[in-house]
Amino acid sequence: MRAASRPFFHAGLLLAALTCLAWLPAMAHATPPPIVNGQPMASLAPMLAHVTPAVVNISSKTHIQVRTPYFNDPLFQRFFGGGVPRERIEQSLGSGVIVNAAKGYILTNNHVVSGADSISVTLHDGRTFKARLVGADPDTDLAVLQIKADHLTQLPLANSTDTRVGDFVAAVGNPFGLGQSVTFGIVSALGRTGLGDTYQNFIQTDAAINPGNSGGALVNMHGQLIGINSMIYSPSGANAGIGFAIPSNLAARVMQQLIAYGQVRRGNLGLHVQRLTPSMARALHIDATSGALVTRIDNGSPAARADIEPGDLITAINGARVHTPADLHNAEGLLPVGSAVTLTVDHQGKTRQVDMRIAAEKLAHIAGGKLDPRLNGAELRDPSTSDATHRASGVVISTVDDGSRAARNGLERDDIIIGVNQRRTPDLRALKAVLAGGPPRQLMLIVARQGQVLYLLAR
């Protein structure tokens, strides 16, 4: 059974989530009672009485077939027989938040339900229902479920931009599968990024968070949802006082698209960038010490129409400082298609402001990391007539960054991904469809390379 937590992002960063029912009377650190509407609160119980019925426990099951990579190879079957693959069942436990009682919509983390064959939701009153996956977005680690049930309680969404460092918060979820639990703390930081490959703008809290709390609620003292608990930083796997939640404003935008389209329709600016190093800055006579250095521009993209050139340095987007390519990537990915964008650009020692709009993402060309973190560093494109010499129909690897995760997984430039997890992928649309439910537990790539077919198990 797998806990509702993702592996460490790096050096002990463990995805997990947050908390729900029994308020802990004894805490490691004493805090004064919060004041709401000018009156001190002797207890959180009245507020939590409205919150806890809206937080649910989620159980998902995934059937994993254990087979050799050559199971479908005709030569293997001829000599050894196809046999019957063994099967094991992986179970994930997590939490969710009812955000629309009338329609039964529940917000949770993508990693709680990713790849699941069946999903069950248990309410605060003990009722259990089968849930339908409305849509999932691995890039923000959010998913929307739907159940058909009466007498549901929903949580109102707060404007998360009003959240301040030092605000009191409570986290509600299902830690360690023990049942609904509640913890209490403060907001310790805002706008946290750089914690993995996803789009990030986390609320950081010291409210105790443990595995099994993923997808639970982070609420303010008015009982309003300010975040969806998503991960913790922990060298040991248990709470270390640093937890992260996805802000409610971001969750609401993603939820709207998942309900409308089943996926998030993202756009891009057409920029390919890299980190600015001191040696690169000296070579290009750039005085700045940080920023996103432009290496390539997509033809016909907003960046091309704005006359941005390779060698330009992006130092800010909509007034927010860009220190690294991840900063630009986060800001770009969190803006809806059509959004107005102002870039601050250092061009040959002169600073200028460039206005443009986020354009719809072109399916013909995409960064592999946007589809699955294990493909990070690979640039993917649809096949063209010039690929006919490969005698294979599939997604073409146009570039692979040295030392990237894709490179470590054995992918090379000009490889053609012809199948994933025993399903054919003749083009990017097919590959996206295979990975639409979020990164699967196992990613087996069937790759055509120089006339040979290889099996690569991506990790």
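Presented here is a report on the structure given in the accompanying data block. (Residues numbered from 1 in each chain as written. Predicted model: local features only at pLDDT ≥ 70, side-chain atom pairs only at ≥ 80, totals over all residues. Heavy atoms only, no water.)

This brings us to the overall build of the chain. The number of helices and strands found in the chain is 9 helices and 33 strands. Residues classed as buried in the chain amount to 50% of the 459 residues present. Long-range pairs, those at least 24 residues apart, make up 64% of the contacts in the chain between residues at least 6 apart in sequence. Of the roughly 21,400 Å² that the chain leaves accessible, carbon and sulfur atoms contribute 52%. (Helix = DSSP H or I, 4+ residues; strand = E, 2+ residues; numbered from the N terminus. Buried < 20%, exposed > 50% of the residue type's maximum accessible area, 1.4 Å probe, protein only. Contact = heavy atoms within 4.5 Å. Areas by Shrake-Rupley, 256 points an atom, 1.4 Å probe, with all protein chains shown as cover.)

If you check helix H4 (residues 248–261), its first and last C-alpha atoms are 20 Å apart, about what 14 residues at 1.5 Å a residue would give, namely 20 Å. Among all positions in H4, only Ser-248, Leu-250, Ala-251, Ala-252, Val-254, Met-255, Gln-257 and Leu-258 are buried. Two residues or fewer after H4 comes Gly-262, characterised by a positive phi angle close to 80°. (Expected span 1.5 Å × (residues − 1).)

The side chains of a regular strand alternate between both faces of the sheet. Most of strand S18 (residues 243–247) is tucked away, with 5 of its 5 residues classed as buried. By the bridge criterion, 3 bridges tie strand S15 (residues 202–205) to S18 in an arrangement that is antiparallel. Across the sheet, the residue bridging to Gln-204 is Phe-244, located in S18. (Pairing = 2+ DSSP bridges.)

What follows covers the pattern of salt bridges. Going through the model one piece at a time under the given rule, you end up with 6 salt bridges. The shortest N-O distance in the salt bridge between Arg-127 and Asp-125 comes to 2.9 Å. If you follow the salt bridges from partner to partner, you end up with Glu-412, Asp-415 and Arg-449 in one network. (Salt bridge = Lys/Arg side-chain N within 4 Å of Asp/Glu carboxyl O.)

Right, let's get into the pairing of strand S24 (residues 340–347). The pairing of strand S22 (residues 313–317) with S24 spans 4 bridges and is antiparallel. Each residue of the ladder has a partner; that of Ile-317, found in S24, is Leu-343. Note that S24 and strand S25 (residues 350–357) share 8 bridges and pair antiparallel. In the sheet register, Ala-340 faces S25, and the bridge partner there is Arg-357. Between the end of S24 and the start of S25, which pair antiparallel, lie 2 residues, with Gln-348 showing a positive phi angle near 55°.

Another point: unusual backbone geometry. Where the residue is not glycine, phi is negative for most of them; where a peptide bond is considered, it is trans in most cases. The backbone of Asp-141 shows a phi angle near 60°, a positive value even though the residue is not glycine. Classification of Asp-141 as buried rests on a relative accessible area of 1%. Even without being a glycine, Asn-318 presents a positive backbone phi close to 50°. Judged by its relative accessible area of 42%, Asn-318 falls in the partly exposed class.

Quick look at the packing of aromatic side chains now. Under the definition given, this model contains 2 aromatic pairs. Between Phe-168 and Phe-184, the ring centres sit 5.4 Å apart and the planes meet at 10°, which makes this aromatic pair stacked. In this pair, Phe-168 sits in strand S13 (residues 168–173) while Phe-184 sits in strand S14 (residues 181–192), placing the two residues 16 residues apart along the sequence. By relative accessible area, Phe-168 is classed as partly exposed at 23%. Phe-184 gets classed as buried once you look at its relative accessible area, which sits at 4%. Geometrically, the ring pair formed by Phe-202 and Phe-244 is tilted, given 5.8 Å between the ring centres and 50° between the ring planes. Taken as a pair, Phe-202 in strand S15 and Phe-244 in strand S18 lie far apart in primary sequence, 42 residues in all. (Phe/Tyr/Trp six-rings, centres within 6.5 Å; stacked < 30°, edge-to-face > 60°.)

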